[in-house]
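# Reading the structure
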Amino acid sequence: PYFTEMPSIGSELARTLKKNIEELQEQEAIIAAEVERVKNNGKATEAMNEKGEWTAWQRLEYLVDPGTWCPLHTIYDPLANEEGNTGVIDGIGKIAGKWAIIIASNNKVMAGAWLSGQADNVLRVTDIAKRLHLPLVWVLNCSGAKLMEQERLYPNRRGSGTPFFRHAELQKLGVPIIVGIYGTNPAGGGYHSISPTVLIGHKNCNMAVGGAGIVSGMAPKGFIDEEVADALIEATKK
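These numbers come from a predicted model, not from an experiment.

Parameters at a glance
Residues numbered from 1 in each chain as written. Predicted model: local features only at pLDDT ≥ 70, side-chain atom pairs only at ≥ 80, totals over all residues. Heavy atoms only, no water. Helix = DSSP H or I, 4+ residues; strand = E, 2+ residues; numbered from the N terminus. Buried < 20%, exposed > 50% of the residue type's maximum accessible area, 1.4 Å probe, protein only. Polar contact = N/O pair within 3.5 Å; in protein donor to acceptor, adjacent residues only side chain to side chain. Contact = heavy atoms within 4.5 Å. Core = buried A, V, L, I, M, F, W, Y, C linked by side-chain atoms within 4.5 Å. Pairing = 2+ DSSP bridges. Axes fitted to C-alpha atoms, helices over the stretch in contact; angles between N-to-C directions. Patch = residues over 30% accessible without salt bridge, like charges linked within 9 Å, V, L, I, M, F, W, Y side chains within 5 Å. Areas by Shrake-Rupley, 256 points an atom, 1.4 Å probe, with all protein chains shown as cover. Salt bridge = Lys/Arg side-chain N within 4 Å of Asp/Glu carboxyl O.

## Here's the deal with the side chain of Thr-68
Among the structural elements, Thr-68 can be located in the loop between helix 4 (56-63) and strand 1 (70-72). Residue classification places Thr-68 among the buried positions, given a relative accessible area of 12%. Of the polar contacts made by the side chain of Thr-68, one reaches the backbone oxygen of Asp-65; its length is 2.7 Å. Once residues lying within four places of it in the same chain are set aside, the contact partners of Thr-68 are Ile-92, Gly-93, Lys-94 and Trp-99.

Here is the structure:
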């Protein structure tokens, strides 16, 4: 009763500061332009669609219930990558009516590779899954690490190994991790595809965490057969 009967607080503003409105709108326009830059970065959507592949943005649009997507960290780039983003798209949304924390590999940029700052971004998102006790859903299509920047990816307690520890931690707390696996996922992509609770693999997907499987992901054919194996053996001998 107190809240329904209490008198309203405050009064109508005596004046509107037009300059404040203009400055806020200017900043909003800058942020909107940055979001579009990230969305349009990398391979053209049309080129990927022509090859029978959806972008991560299209996969999210298909997966998430309309009107429920709440994007996070879209322009977050803590280490100022040359790509201008961390290589993942993340946010909160409903899937079939249930809220979930969702992370998608941005397959438009280096086929969804691990980029500098990505681990910190992922840990920020999984922190939310831990606090809200919501399922963590991966839309995975990760080509592994950007090899020329390994020293920026792996070190420290919030480096690229920590998200896999976090998967184990969440599962121990009863938070399920579900991964939808697309395309080729060697090395870091492979660990993301085997460490969740539930794995759902597209018929053409593959994942590899060691040996010839990883090398095959970099082979022109994208898989190992006798011809590729013989070539690997000969190259190793030399």
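Structure's up, so let's keep going.
## Observations regarding the nonpolar core
With 24 residues, the main nonpolar core has Ile-101, Ile-103, Trp-114, Leu-136 and Trp-138 as its most contacted residues. Put simply, the parts of the chain that give this core at least two residues each are strand 2 (88-95), strand 3 (98-105), helix 5 (118-132), strand 4 (136-140), helix 7 (162-172) and strand 5 (177-181). Counting residues per element, this core draws most heavily on helix 5, at five residues. Contact partners of Trp-114, with chain neighbours within four places excluded, come to Ala-119, Cys-142, Gly-144, Ala-145, Lys-146, Leu-153, Ser-160, Pro-163, Phe-164, Gly-188, Gly-189 and His-192. Core analysis: the next-biggest nonpolar cluster, separate from the first, contains eleven residues, Ala-56, Trp-57, Ile-89 and Ile-102 among them.

## Quick word on the sheet that holds strand 4
As summarised here, the arrangement of the six strands in space is 1-2-3-4-5-7, forming an open sheet in which the pairing is mixed. Every interior strand has two partners, whereas the edge strands, strand 1 and strand 7 (198-201), have only one. When the angles between neighbouring strand axes are averaged without regard to direction, this sheet yields 20 degrees. Note that strand 5 and strand 7 share four bridges and pair parallel. Bridge pairing in strand 7 links Ile-178 to Val-198.

## With respect to the environment of Met-48
Position of Met-48 among the secondary structure elements: in helix 3 (residues 45-50). It is 22 Å that separates the C-alpha atoms of Met-48 and Glu-34, two residues lying 14 residues apart in sequence.

## Thoughts on a nonpolar patch on the surface
A contiguous nonpolar patch, built from Tyr-191, Ile-194, Leu-199, Met-207 and Val-209 and spanning about 410 Å² of accessible area, is present on the exposed surface. Mapped onto the fold, Tyr-191 is located in helix 8 (residues 188-194). The exposure class of Tyr-191 is partly exposed, given its relative accessible area of 38%.

## As for the pattern of salt bridges
Tallying each qualifying case throughout the model produces 13 salt bridges. Among the ionic pairs, Glu-83 bridges to Lys-146, the shortest N-O distance being 2.6 Å. In this pair, Glu-83 is assigned in the loop between strand 1 and strand 2 and Lys-146 in the loop between strand 4 and helix 6 (150-153), connecting sequence segments 63 residues apart. On the basis of relative accessible area, Glu-83 is assigned to the buried category, the value being 10%. Lys-146 sits in the buried class, given a relative accessible area of 2%. Salt bridges sharing partners connect three or more residues here, namely Glu-82, Glu-83, Lys-146, Glu-149 and Arg-152.

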